[in-house]
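Examining the three-dimensional arrangement
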Amino acid sequence: KSQTYKLCFAIGGAPKEVAASATAFFLQIYLLDIAQINAFQASMVLFIGKAWGAVTDPVVGFFITKSRWTKIGRLMPWMVGCTPFLVVSYFYLWFVPPFISGRFIWYLGFYCLYQTLITCFHVPYSALTMFLSTDQRERDSATAYRMTMEVLGTLVGAAIQGQIVASAHTLKHCPPHNMTAGYLGNSSVRLLQCRGSSRIASERIHRLSLIACYSILSHARVLIPRVSVSDPYAPRTEKQIPFYQGFILVMRHGPYLTLTAAFLFITVAIQLIQSNFVLFCTYAADLRDHFQNIVLTILLSAVISIPLWQWFLQRFGKKTAAFCGITWIMPFTMMLVFIPNVVVAYVVAVSSGLSVAASLLLPWSMLPDVVDDFRLANPYSKGHEAIFYSFYVFFTKFAAGISLGVSTLCLEFAGYDTGACKQPAPVVYTLKLLIGAAPVAFIVTGLMILLLYPISEDVRLRNKIETTLKPA
């Protein structure tokens, strides 16, 4: 029965990742080369949208803590209620409107709406982990189930959208017989080719949106009747302390701040690689015919390696697993920057998948341990799970938004030519920095902070025993 609950819980996260992978890998190149907005406007859409999504995380967390318990729990009504509106916002995010001058406002509005609604789903869904079981091993197992299904969702989204973008962008966008003329001076011919490519890509991406929307709705229906939630922690007779007092207590908890700061830098590094990888393959590595298969290789490697990391963290500890898993990506990304050929790209893809899996699994596996540590330190403070999860997402999402906006703005300053089949040398150099040196610097910073994380395996096991012996 517990395995069924964990599987149903994990399935609920898959369709969200179908949509998330499409936006993470392809929204930037979609805005630049298909929607035809300039690089500065694209950077504003990405930054403001991510920043807005970050701001909504603690707001949603606040309202969740104020929500009443229902027959399906306190978290489930949020996931059910936001899903239909999430479908609509995602659908129009990938729609190219017939007007040109107002496209920036169109995409900014729908991206902010999408970020708001995905927050209304993601915060309660991630906090649901704490209510599946009070046993650490069971929660770690549920997290592994969830990450496996989410990476599978990411794989499906990248597979479908990658093939669409590849066929529309590489085959239609830059015909071999016209590449030189188009780039050197025949701007009218290039513009007509880009517009034709935009229509083709828009129609295909719109069909993907319908698939993803249906997937979100159908998987939400699978999740609802099977996962029942109640508060298994602190006695119900205790009076819940105000939100602001709980927030102050959480923000003063050292292990939470250390874990959040460490994975903030690591998440920024992974986000930089993820969002600029397609542009790098297209313009800096001459791999435009292979990028969709390279992305699939990364994600397939991540799916396969999640059970490996789940075994590794149980055998050697979560902190050790974080260091081993995340450092793995650094030498291989630098290798791709200096040796940009097909064979190296696929080797890097397999190796990078290991680190992507670790960066996805470890923070969500370590965060419940931080919550347990907080409960033991503050035995009369309850109901703050949403604060932990919402502010963790807030900090990481806000930092990722800044990095995305700044990276796209760097391309604008470097002279990115919207719709061009070839980019100038400064743009190529900038893409190499965004894929290589910048992520490595962020990862090293994050790992140095993680050294200060105080919850070792001994502390975690001690907390587990004390939590089990704590009277309910």
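For the protein chain, an unreviewed UniProt entry supplies the name MFSD2 lysolipid transporter B, sphingolipid and the organism Sparus aurata. Checking UniProt for the protein chain, the heading Sequence similarities (unreviewed entry) contains the comment "Belongs to the major facilitator superfamily." Its UniProt record gives the protein chain a comment under Subcellular location (unreviewed entry), which states: "Cell membrane".

We now examine the UniProt feature "transmembrane region" (unreviewed entry) in the protein chain. The positions that UniProt labels "transmembrane region" (unreviewed entry) are, in the present scheme, residues 75-93, 105-132, 256-274, 294-313, 320-339, 386-414 and 434-455. The span residues 105-132 is 96% helical and 0% strand by assignment, and the distance between its end C-alpha atoms comes to 41 Å. The distance from the first to the last C-alpha atom of residues 256-274 is 26 Å, and the span holds 100% helix and 0% strand.

What follows covers the packing of helix α2 (residues 14-33) against helix α3 (residues 39-65). Between α2 and α3, the least distance of the axes is 9 Å, while the angle of their chain directions is 145 degrees. For the pair α2 and α3, the crossing hand works out as right-handed. When α2 is examined against α3, the residues L27, Q28, L31 and L32 are found in contact with a partner set consisting of A39, A42, V45 and L46. Residues belonging to the contact of α2 with α3 are distributed by class as follows: 7 nonpolar, 1 polar and no charged.

We now examine the packing of helix α12 (residues 291-316) against helix α13 (residues 318-327). α13 packs onto α12 with a crossing angle of 130 degrees between their chain directions and a minimal axis gap of 7 Å. One finds that α12 runs oblique with respect to α13. Two packed elements cross with a definite hand, and for α12 against α13 that hand is right-handed. Contact with α12, carried on its side by W309, F312, L313 and F316, involves K318, T320, A321, C324 and G325 of α13 and no other residues of that element.

Moving on to helix α16 (residues 385-414). A rise of 1.5 Å per residue sets the reference length of α16, with its 30 residues, at 44 Å; its end C-alpha atoms lie 44 Å apart and thus fit the reference within 8%. Here α16 lies mainly inside the structure; 22 of its 30 residues are buried. Phi turns positive, to about 100 degrees, at G415, one or two residues after α16.

Turning next to the pattern of salt bridges. Pairing between side chains becomes possible if they bear opposite charge and their charged atoms approach one another. Here the structure, examined in full by the defined rule, presents 4 salt bridges. Where D369 meets K318, a salt bridge forms, and the shortest distance between an N and an O atom there is 2.6 Å. Placement of D369 in helix α15 (residues 342-377) and of K318 in helix α13 is noted, with a sequence separation of 51 residues between them. The partner of D372 in a salt bridge is R375, and the shortest N-O contact between them spans 3.7 Å. With D372 and R375 both in helix α15 and 3 residues apart, this pair spans about one turn of that helix. Taken as a pair, D372 and R375 share a single burial class, namely buried.

Given 3.6 residues to a turn, an α-helix orients residues that are three or four positions apart in the same direction. With 26 residues, α12 extends 35 Å between its outermost C-alpha atoms, agreeing within 8% with the 38 Å of an ideal straight helix rising 1.5 Å per residue. Where α12 bends most, the angle comes to about 35 degrees, and this point is S305, followed within four residues by the proline P307. Within two residues after α12, G317 carries a phi angle of roughly 105 degrees, on the positive side.

What follows deals with unusual backbone geometry. In this structure, Q36 takes a positive phi of about 65 degrees despite not being glycine. Note that Q36 resides in the loop between α2 and α3. Even without being glycine, D286 reaches a positive phi, approximately 55 degrees. Here D286 lies in the loop between α11 (254-284) and α12. Relative accessible area serves as the criterion here: at 66%, D286 is assigned to the exposed category.

The next point concerns the side chain of K318. By relative accessible area, K318 is classed as buried at 3%. Within the structure, the side chain of K318 is placed 2.9 Å from the backbone oxygen of S365, a separation counted as a polar contact. Here K318 is in contact with D140, L313, L362, S365, M366, D369, E457 and R460, once residues within four sequence places are set aside.

Counting residues in hydrophobic clusters, the biggest one holds 133 residues, and the most contacted among them are Y30, L31, Y256, F263, L362 and L450. Not counting residues up to four positions away in its chain, the partners in contact with F263 are A322, I326, L362, P363, M366, Y392, T396 and L450.

How each quantity is defined
Residues numbered from 1 in each chain as written. Predicted model: local features only at pLDDT ≥ 70, side-chain atom pairs only at ≥ 80, totals over all residues. Heavy atoms only, no water. UniProt positions renumbered as here; feature names shortened; annotations may be inferred. Helix = DSSP H or I, 4+ residues; strand = E, 2+ residues; numbered from the N terminus. Axes fitted to C-alpha atoms, helices over the stretch in contact; angles between N-to-C directions. Left-handed = near helix turned anticlockwise from the far one by under 90°. Contact = heavy atoms within 4.5 Å. Nonpolar A, V, L, I, M, F, W, Y, C, P; charged D, E, K, R; others polar. Parallel < 35°, antiparallel > 145°, perpendicular 65-115°, else oblique. Expected span 1.5 Å × (residues − 1). Buried < 20%, exposed > 50% of the residue type's maximum accessible area, 1.4 Å probe, protein only. Salt bridge = Lys/Arg side-chain N within 4 Å of Asp/Glu carboxyl O. Bend = angle between axes of the 7 residues up to and from the residue. Polar contact = N/O pair within 3.5 Å; in protein donor to acceptor, adjacent residues only side chain to side chain. Core = buried A, V, L, I, M, F, W, Y, C linked by side-chain atoms within 4.5 Å.

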